[in-house]
Amino acid sequence: MSALKDRLRADLTTAMKARDEIRAGTLRMVLTAVTNAEVSGKVARELSDDDVVGVLSTEAKKRREAATAFEDGGRAEMAARERAEAEVIADYLPAQLSEEEIVALVTAAVEQVGAAGEGMRAMGKVMGVVTPQVKGRADGAVVAAEVRRQLA
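Here's a quick rundown of the structure. Since this is a predicted model, take the numbers as computed values, not measurements. (Residues numbered from 1 in each chain as written. Predicted model: local features only at pLDDT ≥ 70, side-chain atom pairs only at ≥ 80, totals over all residues. Heavy atoms only, no water.)

**Comments concerning the packing of helix H1 (residues 3-17) against helix H2 (residues 21-39)**
Next, step 1: Packing of H1 against H2 leaves a shortest axis separation of 9 Å and a crossing angle of 150 degrees. Accordingly, the angle class assigned to the pair H1 and H2 is roughly antiparallel. By crossing handedness, the relation of H1 to H2 is classed as left-handed. Of the residues in H2, those in contact with Lys5, Leu8, Arg9, Asp11, Leu12, Ala15 and Met16 of H1 are Arg23, Ala24, Leu27, Arg28, Val30, Leu31, Val34 and Glu38. (Axes fitted to C-alpha atoms, helices over the stretch in contact; angles between N-to-C directions. Helix = DSSP H or I, 4+ residues; strand = E, 2+ residues; numbered from the N terminus. Parallel < 35°, antiparallel > 145°, perpendicular 65-115°, else oblique. Left-handed = near helix turned anticlockwise from the far one by under 90°. Contact = heavy atoms within 4.5 Å.)

**Thoughts on the nonpolar core**
Next, step 1: Of all hydrophobic cores here, the largest spans 20 residues; its most connected members are Leu8, Val52, Leu56 and Tyr92.
Next, step 2: Elements that contribute at least two residues to this core include exactly H1, H2, helix H3 (49-72) and helix H4 (76-90).
Next, step 3: A per-element tally of this core places H2 first, with 6 residues.
Next, step 4: For leucine 56, the contacting residues outside a window of four places in its chain are Leu4, Val30, Ile89, Tyr92 and Leu93.
Next, step 5: Counting 16 residues, the second-largest nonpolar core is a separate cluster that includes Met123, Met127, Val130 and Val143. (Core = buried A, V, L, I, M, F, W, Y, C linked by side-chain atoms within 4.5 Å. Buried < 20%, exposed > 50% of the residue type's maximum accessible area, 1.4 Å probe, protein only.)

**So, the pattern of salt bridges**
Next, step 1: As enumerated under the stated definition, the model contains 14 salt bridges in all.
Next, step 2: Linking glutamate 59 and arginine 63 is a salt bridge whose minimum nitrogen-to-oxygen distance equals 3.2 Å. One end of the pair is glutamate 59 and the other is arginine 63, both in helix H3 and 4 residues apart, which spans about a single turn.
Next, step 3: For glutamate 59, a relative accessible area of 8% puts it in the buried group.
Next, step 4: Its salt-bridge partner being arginine 75, residue glutamate 77 comes within 3.4 Å of it at the nearest N-O pair.
Next, step 5: The exposure class assigned to arginine 75 is partly exposed, which follows from its relative accessible area of 39%.
Next, step 6: The structure contains a network of salt bridges with shared partners spanning Glu59, Lys62, Arg63, Arg81, Glu82 and Glu85. (Salt bridge = Lys/Arg side-chain N within 4 Å of Asp/Glu carboxyl O.)

Pasting the structure below:
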């Protein structure tokens, strides 16, 4: 079994004993998402730590998008709850890359692919090199924006 999944389960028990409703509720939702990912497809399988990090990244992104939507809709209390859930999920994700680190990775990928003069046509090649390096450590939209900026 995945060590990260074990840690999530242990932390859920701790949060329930401490009566921390937001943390317990968030961990329940995350563990449900992990279970759903395990049983999706034709054959049930056990997720590795990397797969669990992918599920956590997706859940964190959902929380960020929901918080933005609630802010735009004038529902500050709901936005605050979504942000609190995102913070709980962030505790289990690898350290996020800084903007400078993303720029450096994209620059290296552009040089590696030799896409300096090709413009936007090379975006797929560059993203193919960068995406595995930043998985779970940076938002894909931020990385794509930096690739566009460097290729333009």
